[in-house]
Amino acid sequence: MKSTVETLSPTRVRLTIDVAFDELSGHLNDAYKKIATQVNIPGFRKGKVPPSMIDQRVGRGAVLDEAINQALPDFYSQAAREHDVLVLGRPEVDIKEFVDKEKLSFTVEVNVRPEVVLPDFSSITISVDDVEVKDVDIEEQVDALRARFGTLNTVERAAATGDFVTIDLIARIDGEEVDGGTASGISYEVSSNRMIDGLDDALIGLSAGEGKVFETQLVGMEEGKTGVVEVSVQAVKERELPVLDDAFAALASEFDTLVELRADITERLTRLKKMEQGAQARDRLVEKLLADIEIPVPEEFVTAEVDEHLKGEGRMEDTEHRTEVEGQVRSSLKSDFLLDAVVKAEAVEVTEIELTEYLIRTSSRYGMAPEQFAQELSKAGQISQLVAEVARAKALAGVLSRATVVDTSGQRIDLEALRPQPAATEE
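**Thoughts on the overall build of the protein chain**
When helices and strands are tallied, the protein chain shows twelve helices and eleven strands. Over its C-alpha atoms, taken along the principal directions, the protein chain stretches across nearly 95 × 65 × 55 Å. Counting only contacts in the protein chain whose residues sit at least 6 apart along the sequence, the fraction spanning at least 24 positions is 64%. Counting only carbon and sulfur atoms, one obtains 48% of the accessible surface of the protein chain, whose full area is about 26000 Å². Treating the 48 positive side-chain charges of the protein chain as one cloud and the 83 negative ones as another, the clouds have centres 7 Å apart.

Dropping the structure here:
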């Protein structure tokens, strides 16, 4: 097989492929075998029909068509690998010449990833926010800790923001109770906005023994349609917070005094905000690169992606939404092209340890065991996507360490800790 590649645009190429007929022999044999299982010819068992009889009864043209259809993807993939063509979307194949027992010539036009020219990262300066732990940040942490050790006391008054209520709920659509839409004895914090839209407004002002009916959009309902929810209050409870003193510090932490507790909270918040600086630096580096580098996207691929998305939503005629989705697709493609170019330039390889660590961190966010999370990803065919995410994060950490990162006060930030560290080995 011989092949050449012609660049049609920064995002599209044409492969010209010439195949000697003897290279089609394997596909030709497979075509005969396949057709032999599909035809009924008197005197021959299915699957045992000889090629000469198939040529006579079915026609050699049908066999050649089958063989070529099988062969094209293989030769196309081989040519793409030889020329390091990173294809996107479906190819357009055009058979230019076919001579039985001599040769096959065809072309393939396909969208490709563009070449992304990366800058000298050591010449880039990124600015991030200062690390500043405010008194209000500390008080929020202290209040959250007090809330954990608070007690709920029943009160004989109407519910207000911050109260806890015990409620019963019944959801109905067109007068019929929703399957699974009934609950009783639920404890709920008023104004937490953690359940049904409109529930918080309905509860405020209700006392024990009172109820209210309100309309809201229930889960699974079409946009613009509503159901009816009836809520009844069984009890109203007020949270009583513990006195903020040294005794509370000793109860709620390993510290003996409130001063020590506050100092520890300040230190933890400072570490957290420094980590946020690192994340912000990565985000702003990507934003700067996307703004500074011209990254073309294949128009045919964008249109196909947008059409598929809108078709799935049943909104093909929504021009305003089409514009919104198109912008999202373009932005996502440019980001993917950029990050993958960084991975390639940095020659990043993901180790099993790095992948495992990422799985453990990510699975905890979903409340799943790492093994179960890995199984779910495997079932969904997303392991390769996971590897790509780890590679991108590793590559960005590497190039970011070469850039200059300063806070708004002009102080240089050392982000070397973002670079993945090699696992310790036993000697």
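**Structural notes on the sheet that holds strand E3 (residues 87-99)**
A sheet is described by the order of its strands in space; here four strands give the open sequence E1-E2-E4-E3, paired in antiparallel fashion. Two strands lie at the open edges of the sheet, namely strand E1 (2-9) and E3, each paired on one side alone. The mean angle between the axes of side-by-side strands here comes to 20°, regardless of whether they run parallel or antiparallel. With nine bridges connecting them, strand E2 (residues 12-20) and strand E4 (residues 103-112) associate as antiparallel partners. Among the inter-strand pairings, Arg12 is bridged to a residue of E4, identified as Asn111. Its contacts with the sheet place helix H3 (residues 60-82) against E1, E2, E3 and E4, and it is angled at close to 125° to E3.

**So, the nonpolar core**
Counting 36 residues, the largest nonpolar core has Leu285, Leu338 and Val405 as the members making the most contacts within it. Taken together, the elements giving at least two residues each to this core come down to strand E5 (125-128), helix H7 (258-292), helix H8 (299-313), helix H9 (319-345) and helix H12 (383-400). Counting residues per element, this core draws most heavily on H9, which supplies nine residues. Not counting residues up to four positions away in its chain, the partners in contact with Leu338 are Val116, Leu118, Val286, Leu289, Leu290, Ile293 and Ile295. Of all hydrophobic cores here, the second largest spans 32 residues; its members include Leu15, Ala36, Val39 and Phe106.

**Quick look at the packing of aromatic side chains**
Under the counting rule described, the total for this entry stands at three aromatic pairs. The interplanar angle of 90° and the centroid separation of 6.3 Å between the aromatic rings of Phe149 and Phe248 together place this pair among those described as edge-to-face. Taken together, the residues span a long stretch of sequence, with Phe149 in the loop between helix H4 (135-148) and strand E6 (151-154) and Phe248 in helix H6 (residues 246-252) at a distance of 99 residues. With relative accessibility at 29%, the residue Phe149 sits in the partly exposed group.

**Observations regarding the pairing of E4**
Among the ten residues that make up E4, eight are buried, leaving the element largely enclosed by the rest of the structure. The pairing of E3 with E4 spans nine bridges and is antiparallel. Looking at E4, one finds that Asp94 is bridged to Thr107. The loop that links E3 with its antiparallel partner E4 comprises three residues; one of these, Lys101, has a positive phi angle of about 70°.

**Things to note about H3**
In this model, H3 (23 residues) spans 32 Å end to end at C-alpha, consistent with the 33 Å of a helix rising 1.5 Å per residue. Ala71 marks where H3 bends most, by close to 30°; the proline Pro73 follows one to four residues later. If you check which residues of H3 are buried, you get Val63, Leu64, Glu66, Ala67, Ile68, Ala71, Leu72, Phe75, Tyr76, Ala79 and Ala80. On its buried face, H3 is in contact with E1, E2, helix H1 (25-36), helix H2 (51-57), E3 and E4. Count one or two residues on from H3 and you reach Asp84, which has phi positive near 55°.

**A closer look at H7**
Across its 35 residues, H7 extends 50 Å between first and last C-alpha, which sits within 8% of the 51 Å expected from 1.5 Å per residue. Inspection of H7 places Leu258, Leu261, Asp264, Ile265, Leu269, Gln277, Gly278, Gln280, Ala281, Leu285, Val286 and Leu289 among the buried residues, and these make up the whole buried set. Against E5, H4, H6, H9, H12 and strand E11 (404-407) lie the buried residues of H7.

**Thoughts on the pattern of salt bridges**
One pass over the structure, following the stated rule, counts 29 salt bridges. A salt bridge links Glu66 to Lys34; the shortest N-O distance between them is 3.1 Å. Of this pair, Glu66 sits in helix H3 while Lys34 is found in helix H1, placing the two residues 32 residues apart along the sequence. Judged by its relative accessible area of 37%, Lys34 falls in the partly exposed class. Linked by salt bridges that have partners in common, Glu6, Arg12, Arg14, Glu92 and Glu109 make up one network.

**What about the packing of H1 against H3?**
The N-to-C vectors of H1 and H3 enclose an angle of 125°; their axes lie 8 Å apart at closest approach. The angle between the axes of H1 and H3 places the two elements in the oblique class. The handedness of the crossing between H1 and H3 is right-handed. Mapping the contact onto sequence places His27, Leu28, Asp30, Ala31, Tyr32, Lys34 and Ile35 in H1 and Arg60, Ala62, Val63, Leu64, Glu66, Ala67, Gln70, Ala71, Asp74 and Phe75 in H3. When its residues are assigned to classes, the contact of H1 with H3 shows ten nonpolar, two polar and five charged.

Reading the values: rules and limits
- Residues numbered from 1 in each chain as written.
- Predicted model: local features only at pLDDT ≥ 70, side-chain atom pairs only at ≥ 80, totals over all residues.
- Heavy atoms only, no water.
- Helix = DSSP H or I, 4+ residues; strand = E, 2+ residues; numbered from the N terminus.
- Contact = heavy atoms within 4.5 Å.
- Areas by Shrake-Rupley, 256 points an atom, 1.4 Å probe, with all protein chains shown as cover.
- Lys, Arg positive; Asp, Glu negative; His and termini not counted.
- Charge placed at Lys NZ, Arg CZ, Asp CG, Glu CD.
- Pairing = 2+ DSSP bridges.
- Axes fitted to C-alpha atoms, helices over the stretch in contact; angles between N-to-C directions.
- Core = buried A, V, L, I, M, F, W, Y, C linked by side-chain atoms within 4.5 Å.
- Buried < 20%, exposed > 50% of the residue type's maximum accessible area, 1.4 Å probe, protein only.
- Phe/Tyr/Trp six-rings, centres within 6.5 Å; stacked < 30°, edge-to-face > 60°.
- Expected span 1.5 Å × (residues − 1).
- Bend = angle between axes of the 7 residues up to and from the residue.
- Salt bridge = Lys/Arg side-chain N within 4 Å of Asp/Glu carboxyl O.
- Parallel < 35°, antiparallel > 145°, perpendicular 65-115°, else oblique.
- Left-handed = near helix turned anticlockwise from the far one by under 90°.
- Nonpolar A, V, L, I, M, F, W, Y, C, P; charged D, E, K, R; others polar.

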